[in-house]
Amino acid sequence: MSSDQSFLQYKSQEYGDEPTSVRHTDQYTDEYVRGFVEKWDELIDWDQRWASEGDFFIEQLRSRGVKRVLDVATGTGFHSVRLIEAGFNVVSADGSPYMLSRAFENGRSRGQVLRTVHADWRWLNRDVYGRFDAVICLGNSFTHLFSEHDRRKTLAEFYSALVHDGILILDQRNYDAILDNGFSSKHKYYYCGEKVSAEPEHVDEGLARFQYQFDDGSAYHLNMFPLRTNYTRRLMREVGFQSIQTYGDFQETYHEDDPDFFVHVASKKYDPAIAEDPPEVDEVPVTDETPPAEKVPVANQLNGVPEVKS
Ligand code: SAM
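In this text the structure is predicted, and so the values were computed from the model without any measurement.

Peer 1: Tell me about the overall build of the chain, and name the residues and values.
Peer 2: The helix and strand tally for the chain stands at 12 helices and 10 strands. Buried residues in the chain amount to 54% of all 310 residues. Once local pairs closer than 6 in sequence are excluded, the contacts in the chain between residues at least 24 apart make up 69%. Within the structure as shown, the chain displays about 13900 Å² of accessible surface, and the carbon and sulfur contribution to it stands at 48%.

Written as structure tokens, this is what we have:
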């Protein structure tokens, strides 16, 4: 069979006999099978997502004078299309060919031609040329990296793709709440699509395995690394980002006490004040937009930071 035919096949997700033992970065290419990708827009529901996140990202980018954006986790193209329509110059990268082809179709159906690049983050600058004012990595994508080595290399690639004062916008689920409170609490985590549920099926310090159930009875899984919030911030700081602002939940339709998502905005611009007196990660102030401190355990989450493996 030619590789073209295999690309068009509907394969099932394969996790073997012990799905919770599958903990490696390359797995994402097998997880985003064609059937799941075709369901993805049901999961994220463009209209509701649009309404729920509002102009947050557009304002973040415009207020910093950003013109060129690299969307490294394009998925089906939601943010790329939004940003193109808002007047930004966007390059859309992703490691999944299924996602990219869907993104291209989605762009075309909205009258846009996406400039897509098939690229894995770990060697991003091999395939993506030029420097960007902003790199965006959204939709809880960074969680797909399973080793600290891959996370550091990826952040270094993002850093390198930026101009000298560029910004990285990266979001993540509030895994601290899931890890610390457990999922036996019956807390359910919903994406924007009302007819789709996304629930943790297994969680430990090294794995968050989620099940995505659709109203036609189909179900898919993702095995992800449960990033603690301050751990992500620490890695960004250590790779060289100078300031990191973390925003609390804004984009989910479902809320309980804790935000479901955090958005980190990390700036590369050299800050002499930080060079003289570097703050500890847990001293980095959270922004005004973040919900009240007692609801956002950002400032004291260094406990439980995974061991640095050599
Ligand atoms: N940003 C989109 C959204 O919010 O709908 C997609 C999010 S989806 C959870 C994660 C995306 O990251 C997928 O499209 C996947 O292919 C991509 N991805 C995961 N790991 C990657 C890697 N190592 N290199 C490139 N892309 C990767």
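Peer 1: Residue-level account of the pattern of salt bridges, with values.
Peer 2: Inspection of the entire model under this criterion finds 18 salt bridges. Of the charged contacts in the structure, one is a salt bridge between Asp127 and Arg126, with a shortest N-O distance of 3.3 Å. Here Arg126 falls in the exposed class, since its relative accessible area comes to 56%. A salt bridge links Glu205 to Arg228; the nearest nitrogen and oxygen atoms lie 2.9 Å apart. Placement of Glu205 in the loop between strand S6 (197-204) and strand S7 (207-213) and of Arg228 in the loop between strand S8 (219-224) and helix H11 (229-239) is noted, with a sequence separation of 23 residues between them. For Arg228, a relative accessible area of 5% puts it in the buried group. Here the salt bridges do not stand alone but share partners, grouping Asp26, Asp120, Arg122 and Asp150 into one network.

Peer 1: Describe the pairing of strand S10 (residues 261-267), listing the residues and the values that go with them.
Peer 2: Burial analysis of S10 places 7 of its 7 residues in the buried class, which makes it a mostly covered element. Here S10 shows a buried face lined by Phe261, Val263, Val265 and Ser267 and a second buried face lined by Phe262, His264 and Ala266. Note: strand S5 (residues 162-173) against S10, 7 bridges, orientation antiparallel. Bridging across to S10, Leu170 finds its partner in His264. As paired strands, strand S9 (residues 243-247) and S10 are joined by 5 bridges and run antiparallel to one another. For Tyr247, the partnering residue across the bridge sits in S10 and is Val263.

Peer 1: Let's hear about the site of the ligand: which residues, and what values?
Peer 2: Close contacts around the ligand come from 19 residues, with Arg49, Ala73, Asp94, Trp121 and Leu138 the closest. Within the backbone of Trp121, a nitrogen or oxygen atom sits 3.0 Å from a nitrogen atom of the ligand. Leu138 has a polar backbone atom sitting 2.8 Å from a nitrogen atom of the ligand. Here the ligand has 600 Å² of accessible area as a free molecule, and 98% of this is covered by the chains. Looking at side-chain class alone, the shell around the ligand contains 9 nonpolar, 7 polar and 3 charged residues.

Peer 1: Let's hear about the packing of helix H9 (residues 148-160) against H11: which residues, and what values?
Peer 2: At their nearest, the axes of H9 and H11 sit 10 Å apart, and the two run at 55° to each other. As summarised for this structure, H9 and H11 are arranged oblique, according to the angle between their axes. Of the two elements, H9 crosses H11, and the hand of that crossing is right-handed. Contacts between H9 and H11 involve Glu148, Arg151, Arg152, Leu155, Ala156 and Tyr159 from the former and Tyr231, Arg234, Leu235, Met236, Glu238 and Val239 from the latter. Looking at the contact of H9 with H11 residue by residue, the classes come out as 7 nonpolar, no polar and 5 charged.

Peer 1: Would you mind going over the side chain of Gln27 in detail, with residue names and values included?
Peer 2: You can see Gln27 is positioned in helix H2 (residues 27-31). Gln27 gets classed as buried once you look at its relative accessible area, which sits at 6%. Dropping the residues within four chain positions of it, Gln27 is found in contact with Glu14, Tyr15 and Val22.

Peer 1: Residue-level account of the sheet that holds S5, with values.
Peer 2: Strand order in this open sheet of 7 strands is S3-S2-S1-S4-S5-S10-S9, and the pairing throughout is mixed. Of all the strands in the sheet, the pair left with one neighbour each is strand S3 (116-118) and S9. The sheet shows a mean angle of 20° between the axes of neighbouring strands, taken without regard to direction. Judged from the 3 bridges that link them, strand S1 (residues 68-71) and strand S4 (residues 132-137) form a sheet pairing that is parallel. By the bridge assignment, Asp71 is partnered in S4 with Ile136.

Criteria and thresholds
Residues numbered from 1 in each chain as written. Predicted model: local features only at pLDDT ≥ 70, side-chain atom pairs only at ≥ 80, totals over all residues. Heavy atoms only, no water. Helix = DSSP H or I, 4+ residues; strand = E, 2+ residues; numbered from the N terminus. Buried < 20%, exposed > 50% of the residue type's maximum accessible area, 1.4 Å probe, protein only. Contact = heavy atoms within 4.5 Å. Areas by Shrake-Rupley, 256 points an atom, 1.4 Å probe, with all protein chains shown as cover. Salt bridge = Lys/Arg side-chain N within 4 Å of Asp/Glu carboxyl O. Pairing = 2+ DSSP bridges. Near = heavy atom within 4 Å. Polar contact = N/O pair within 3.5 Å; in protein donor to acceptor, adjacent residues only side chain to side chain. Nonpolar A, V, L, I, M, F, W, Y, C, P; charged D, E, K, R; others polar. Axes fitted to C-alpha atoms, helices over the stretch in contact; angles between N-to-C directions. Parallel < 35°, antiparallel > 145°, perpendicular 65-115°, else oblique. Left-handed = near helix turned anticlockwise from the far one by under 90°.

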